[in-house]
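Architecture at a glance
Chain by chain, the residues:
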Amino acid sequence: MQVQEDLDIVIVGAGYSGIHQLYHYRKQGYSVRILEAESDLGGAWWWTRYPGARVDSEAPFYQLSIEEVWKDWVWTERFPCRDEVCEYYQHIERTLGIKQHIRFNSRVLSAQFDESLHRWVITAKDGYVIRSRFFILAIGAASKPYTPPFADITSFQGVCIHTASWPKDLDVKGKKVAVIGTGASGVQVIQSIGSQVAHLTVFQRTPNYALAMQQKKLDRKTQEESKRLFPAMFRRCKQTPNGFSFDRFPKSLHATTPEERLLFFEDLWTVGGWRFVTNNYMDIFTDKKANDEAYTFWRDKVRERVHDQAKQEILAPTIPPYPFGAKRPSLEIDYYDVLNRQNVDLVDLNKWEISNFIQSGIQTADGVEHEFDIIVFATGFHTFTGPYTELKVRAADGTDILEKWSDGVYSYLGMTVHGFPNFFYMYGPQSPGSCNGPTCSEVQSDWIIGCVTHAMSNGFTRIEATREAEIEYRQLIFELNERSLSKSTSEPTNYKGDLAQYGRLCSDVASNHYRGFVFSKDTSDVAAGKFTRL
Ligand code: NAP
């Protein structure tokens, strides 16, 4: 095996997390490269091309806090569309000139720690091999599309696609289309194509508690004027539960009158976006009665817009099928109006499940044959440990990380794993989940940069989380899950606490001499990093 480069740090993924890492390591003079599977910057946004794809975190929060980048950038819409996000990535390149440090079209297949060198050996699909002291995965949670294992999918003779790989030239106009799944991608596709297609059938399993986006255009002058506050704003985002600069309302719902609540809920609804989640009463996610009241308000708002009673009950059921906020709600523009259209049908999969795929479309359990030209899977991704099925991360003895996790995920801080030294990941198993993506990724990225810098500047060549530390962290993950109204009955995949609390926990570990880590030095020339650049 020929090693083509020897570096301090290798990062996988050229989205926000990877770029943030690269920028800071370059600034400190480390040798670093990003390996990116796609041909350009943007992470998931690069390949997310389905109609209507749009960010559901509002501007100006959905961007990097790097001043060189934000000082010359303004957004045109409160919730930018996919193309504008991709243009923002090109602005990052114009400003920071990072592409020269990125190897594109370079899908990483495996990485293994070499105990004798204290280095990772990383292999890409095209045979390219890099060795590095530190190995950092910044691939996000949505890298491996999930298609449910329906029987006979191949029997369908029409076009079958997943939202993650929408063909550039697919024309849905005048076609009979099915959309399976009503998560963020499903909602956006449905509201975007409903008026163009001849007929649309939406297959819903769980209703999405979609909130009114209240989209609007943004003007340059107002944004430029607000930039003097950006440094404070970016710092503040890391001090709140959800990664925006605003916080929960510091009052219990039960300490208010019904009139006060109604007017407060209306205000949040009018501002739109995530405010109904992020700025709501402090006990909305801890107290069932408070949560039910938020649900009732949401349900009635939706029912006002949906004309058909049967559709009302499927989309916004009388009894909440799960606690409000337990699943990340999508932001919608005209989703419910589109579902009112004559050419749009809604199938409740809880009543009539998909029994099989047939040549002309889909047959449901009631025996009805639904005919389609195109079937769209908006069924999401293999999250949690899913990304590790294709990208093999191996310990020095060859143990695959999935083998280690076969009896449950153990990590320390949702970023490091015992037995896998000098390895960090972001936005993965046991990381914080439901918050503004860029803030969350920067909280983790800042911490990793601090840790790597600490190791490098003190001559440590190996850093590893202890088994005790990851056992303790796993207990915390389960405790937070127990306390949550959205308690999952299977293994909790994410850190279900506030982002601010998570940030404090990580800072506390760092300021206590990286409690829970063992740092060591190998003084041999090789391990100390005296390599000849290849
Ligand atoms: P998702 O949120 O996981 O939604 C998947 C949908 O498919 C759900 O409605 C799910 O129903 C349904 N589904 C799964 N298996 C099914 C089956 N066997 N039969 C019927 N329905 C099935 O996936 P996504 O919408 O692609 O989003 C993925 C991630 O990307 C999310 O974290 C999302 O927030 C993010 N995202 C963000 C944006 C944005 O910022 N604007 C846009 C798109 C995606 P159940 O709920 O019943 O499981």
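Residues numbered from 1 in each chain as written. Predicted model: local features only at pLDDT ≥ 70, side-chain atom pairs only at ≥ 80, totals over all residues. Heavy atoms only, no water.

**As for the overall build of the chain**
When helices and strands are counted, the chain shows 16 helices and 20 strands. Along the three orthogonal principal directions, the C-alpha set of the chain runs to about 75 × 60 × 50 Å. Per-residue burial over the chain gives 55% buried out of 534 residues. Of the contacts made within the chain by residues no fewer than 6 positions apart, 70% connect residues no fewer than 24 positions apart. Roughly 22,500 Å² of accessible area belongs to the chain as shown, and the carbon and sulfur atoms make up 49% of that amount. Put simply, the chain has 60 plus and 66 minus side-chain charges, and the middle of one group is 3 Å from the middle of the other. (Helix = DSSP H or I, 4+ residues; strand = E, 2+ residues; numbered from the N terminus. Buried < 20%, exposed > 50% of the residue type's maximum accessible area, 1.4 Å probe, protein only. Contact = heavy atoms within 4.5 Å. Areas by Shrake-Rupley, 256 points an atom, 1.4 Å probe, with all protein chains shown as cover. Lys, Arg positive; Asp, Glu negative; His and termini not counted. Charge placed at Lys NZ, Arg CZ, Asp CG, Glu CD.)

**Focus on the packing of aromatic side chains**
Taken as a whole and judged by the stated rule, the model has 53 aromatic pairs. Judged by centre distance (5.9 Å) and plane angle (85°), the ring pair of Tyr-16 and Tyr-88 falls under edge-to-face. Of this pair, Tyr-16 sits in helix 1 (residues 16-27) while Tyr-88 sits in helix 4 (residues 82-96), placing them 72 residues apart in sequence. In terms of burial, Tyr-16 and Tyr-88 fall into one category: buried. Seen from their ring centres, Tyr-209 and Tyr-322 are 4.1 Å apart, and the 0° between their planes marks the pair as stacked. Here Tyr-209 is found in the loop between strand 9 (199-204) and strand 10 (211-212), whereas its partner Tyr-322 is found in the loop between helix 11 (309-315) and strand 11 (331-332), with 113 residues between them in sequence. This pair shows no difference in class: Tyr-209 is buried, exactly as Tyr-322 is. (Phe/Tyr/Trp six-rings, centres within 6.5 Å; stacked < 30°, edge-to-face > 60°.)

**Thoughts on the layout of surface pockets**
Vacant regions in the atomic arrangement are exposed by a probe of water-molecule size rolled over the atoms. Its volume calculated, the second largest pocket comes out at about 310 Å³. As for the second largest pocket, its lining consists of 14 residues, and the residues nearest its centre are Ala-59, Pro-60, Lys-216, Leu-218 and Gln-223. At three residues, helix 6 (residues 220-226) tops the list of elements feeding residues into the lining of the second largest pocket. Split into classes, the residues belonging to the lining of the second largest pocket amount to six nonpolar, three polar and five charged. (1 Å grid on protein atoms, 1.4 Å probe; cavity = no way out; pocket = protein on both sides within 12 Å on 5 of 7 lines; lining within 4 Å. Points joined across faces, edges and corners; volume = space filled by probe spheres on them. Nonpolar A, V, L, I, M, F, W, Y, C, P; charged D, E, K, R; others polar.)

**So, empty space enclosed by the protein**
Taken as a whole, this structure holds two cavities of 30 Å³ or more when the rule is applied. In this model, the largest cavity occupies a volume close to 40 Å³. Together, Phe-61, Gln-63, Ser-65, Phe-234, Cys-237, Lys-238, Pro-438, Thr-439 and Glu-442 line the largest cavity. Broken down by secondary-structure element, the contributors of at least two residues to the lining of the largest cavity are helix 7 (230-237) and helix 14 (437-457).

**Overview of the site of the ligand**
Near the ligand you find 23 residues, and of these Arg-54, Ser-185, Arg-205, Thr-206 and Lys-327 are the closest. The contact in question runs from an oxygen atom of the ligand to an N or O atom on the side chain of Arg-205, over 2.8 Å. Within the contact set of the ligand, an oxygen atom lies 3.4 Å away from a side-chain nitrogen or oxygen of Arg-328. The element best represented in the shell around the ligand is helix 5 (residues 184-193), accounting for three residues. (Near = heavy atom within 4 Å. Polar contact = N/O pair within 3.5 Å; in protein donor to acceptor, adjacent residues only side chain to side chain.)

**Topic: helix 16 (residues 499-511)**
With 13 residues, helix 16 extends 18 Å from end C-alpha to end C-alpha; this agrees with the ideal 18 Å at 1.5 Å per step. Turning to helix 16, its buried residues number three or more, namely Leu-499, Ala-500, Tyr-502, Gly-503, Cys-506 and Val-509. Looking at the packing, one finds that the buried side of helix 16 touches helix 7, helix 14, helix 15 (467-483) and strand 20 (517-520). Positive phi appears at His-513, one or two residues downstream of helix 16, with a value of about 55°. (Expected span 1.5 Å × (residues − 1).)

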